[in-house]
Amino acid sequence: MNIDVFFTPLQVQDELSLQNKTVLVVDVLRASTTIATALKNGARVIIPAASVESAVKYASTLEEGSFLLCGERGGEIIDGFHLGNSPLEYTEEKVKGKTLIYASTNGSIAITKTKYAKYSLIVGFVNISEAVKFASENGNDVLILCSGKLNRFCIEDAVCGGMITFLLTKGKSKKNLNLSDSAIAALKLYKTYKKNLLKMLGESEHGKFLISLGFEEDLKIASSVDSIPILPIYSDGVIKAR
Ligand code: MLT
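For clarity, every value in this text was computed on a predicted model and none was experimentally measured.

Asker: What should I look at first to understand the overall build of the chain in this one?
Answerer: Helix and strand counts for the chain come out as 10 helices and 11 strands. Taking 18 Å as the expected radius of gyration for a compact globule of 242 residues, we find that the chain reaches 17 Å, a close match to that expectation. Projected onto its principal axes, the C-alpha coordinates of the chain cover approximately 55 × 35 × 30 Å. In the chain, which comprises 242 residues, the share counted as buried stands at 52%. Counting only contacts in the chain whose residues sit at least 6 apart along the sequence, the fraction spanning at least 24 positions is 80%. When the accessible surface of the chain is split by element, carbon and sulfur atoms take 50% of a total near 11,000 Å². The average position of the 28 basic charges and that of the 26 acidic charges among the side chains of the chain differ by 8 Å.

Following this line, the structure appears as structure tokens:
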């Protein structure tokens, strides 16, 4: 198994090259965490939109009351949308049985870039073991695609990518594994921060930004390993729980 890590979605130059790969899309703060929460609480399906405009356009094709427009710009709810991007908003009462059209700044874009992947899984700390189990069992080459922040590196996705690499390789013979330099770097970062993931989130650029907006609780939710054992899979334009 080859394991590679892209630190930003910009590195996906050729979407068709993902055809034979299992891609694990990571956006710890907060798309992966929020999507897992929404599916746990009964959302029927989530449609990631690469822009606010395309989300609104898609919504205009659906029956009023059947969908929720969700997402953020600058961390906050988009004008006219039903929900922002805090996992705390995605309660069973609000999302059960609904189609969610979801436009976040970085996560949605990363996800839509994986439409040709053999499998595209949405992963954060909250559901990491579910994703690793699936990727290990199917045995394809793995690409960990970090959503980053505005096409730049972000530490929380890199550390999560390192933890995925650690779990995928744990106890396996090195003979059958080939880690790219970026996977080795992510693994080292994970080893540096693994003792206190919440502290790492609190010190990250995006973590500090979210705290400044009043979303400190979201960091606690996002740092809680395996607290939401749901595996969101993106296929044919929609995200569903496996
Ligand atoms: C994103 O996709 O950019 C993030 O989920 C932003 C956020 O924290 O709301």
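Asker: Help me understand the side chain of Thr-112, please; the structure alone is not making it clear to me.
Answerer: Topologically, Thr-112 is positioned in helix α4 (residues 107–112). From its side chain, Thr-112 meets the backbone oxygen of Ile-109 in a polar contact 3.0 Å long. In contact with Thr-112, not counting residues within four places along its chain, are Glu-15, Pro-48, Ala-50 and Tyr-234.

Asker: Which parts of the structure should I look at to understand the site of the ligand?
Answerer: The immediate surroundings of the ligand are formed by Asp-27, Leu-29, Arg-30, Ala-31, Glu-72, Asn-85, Ser-104, Thr-105, Asn-106, Gly-107, His-206 and Leu-210. In this structure, an oxygen atom belonging to the ligand sits 3.1 Å away from a main-chain N or O atom of Ala-31. In this structure, Ser-104 approaches the ligand through a side-chain N or O atom, which is 2.5 Å from an oxygen atom. Relative to its free-state accessible area of 270 Å², the ligand is covered by the protein chains to the extent of 99%. More than half of the atoms of the ligand fall within 2 Å of the grid points belonging to the second largest pocket. Counted by class, the shell around the ligand contains 3 nonpolar, 6 polar and 3 charged residues.

Asker: Looking at this model, I keep getting lost on the nonpolar core. Mind explaining?
Answerer: When a protein is soluble and globular, its nonpolar side chains tend to lie buried together. Ranked by size, the top nonpolar core spans 37 residues in total, and within it Leu-24, Val-28, Leu-121, Val-123, Phe-125 and Ile-164 carry the most contacts. Sort the elements by how many residues they give to this core and helix α6 (residues 155–169) lands first, with 6 residues. Among residues more than four places away in sequence, those in contact with Leu-121 are Thr-22, Val-23, Leu-24, Val-25, Ala-131, Phe-134, Leu-231, Pro-232 and Ile-233. Judged by nonpolar contacts, the second largest core, of 30 residues, contains Leu-39, Val-95, Leu-100 and Ile-239.

Asker: Mind showing me how you'd approach the pattern of salt bridges here?
Answerer: Once the charged atoms of two side chains with opposite charge are near each other, the side chains can pair. Taken as a whole, this structure holds 6 salt bridges when the rule is applied. A salt bridge links Glu-92 to Lys-96; its shortest N-O distance comes to 3.7 Å. With relative accessibility at 54%, the residue Lys-96 sits in the exposed group.

Asker: How should the packing of helix α5 (residues 128–138) against α6 be read in this particular structure?
Answerer: Two measures define how a pair of helices packs: the angle their axes make with one another and the distance between the axes. Taken N-terminus to C-terminus, the directions of α5 and α6 make an angle of 50 degrees; their axes are 10 Å apart at the nearest point. It follows that α5 is oblique to α6 by the angle criterion. You can see that α5 and α6 cross each other, and the crossing is right-handed. Between α5 and α6, the residues in contact are Ile-128, Val-132, Ala-135 and Ser-136 and Cys-160, Met-163, Ile-164, Leu-167 and Leu-168, respectively.

Asker: Would you explain a positive patch on the surface in this entry?
Answerer: A cluster of basic side chains, namely Lys-174, Lys-188, Lys-191, Lys-194 and Lys-195, defines a positive patch on the protein surface. In this fold, Lys-191 is placed in helix α7 (residues 181–193).

Asker: Help me out: how do you make sense of the pairing of strand β4 (residues 67–73) in this one?
Answerer: In regular strands, side chains alternate between the two faces of the sheet. Among the 7 residues of β4, 6 are classified as buried, and the element is accordingly described as predominantly covered. In this structure, β4 lies alongside strand β6 (residues 99–103), joined through 5 bridges in parallel fashion. In the strand pairing of β6, Leu-68 is matched with Leu-100. In this structure, β4 lies alongside strand β5 (residues 76–77), joined through 2 bridges in antiparallel fashion. By the bridge assignment, Arg-73 is partnered in β5 with Glu-76.

Calculation criteria
Residues numbered from 1 in each chain as written. Predicted model: local features only at pLDDT ≥ 70, side-chain atom pairs only at ≥ 80, totals over all residues. Heavy atoms only, no water. Helix = DSSP H or I, 4+ residues; strand = E, 2+ residues; numbered from the N terminus. Rg over C-alpha atoms; globule rule 2.2 N^0.38 Å. Buried < 20%, exposed > 50% of the residue type's maximum accessible area, 1.4 Å probe, protein only. Contact = heavy atoms within 4.5 Å. Areas by Shrake-Rupley, 256 points an atom, 1.4 Å probe, with all protein chains shown as cover. Lys, Arg positive; Asp, Glu negative; His and termini not counted. Charge placed at Lys NZ, Arg CZ, Asp CG, Glu CD. Polar contact = N/O pair within 3.5 Å; in protein donor to acceptor, adjacent residues only side chain to side chain. Near = heavy atom within 4 Å. 1 Å grid on protein atoms, 1.4 Å probe; cavity = no way out; pocket = protein on both sides within 12 Å on 5 of 7 lines; lining within 4 Å. Sits in = over half its atoms within 2 Å of the grid points. Nonpolar A, V, L, I, M, F, W, Y, C, P; charged D, E, K, R; others polar. Core = buried A, V, L, I, M, F, W, Y, C linked by side-chain atoms within 4.5 Å. Salt bridge = Lys/Arg side-chain N within 4 Å of Asp/Glu carboxyl O. Axes fitted to C-alpha atoms, helices over the stretch in contact; angles between N-to-C directions. Parallel < 35°, antiparallel > 145°, perpendicular 65-115°, else oblique. Left-handed = near helix turned anticlockwise from the far one by under 90°. Patch = residues over 30% accessible without salt bridge, like charges linked within 9 Å, V, L, I, M, F, W, Y side chains within 5 Å. Pairing = 2+ DSSP bridges.

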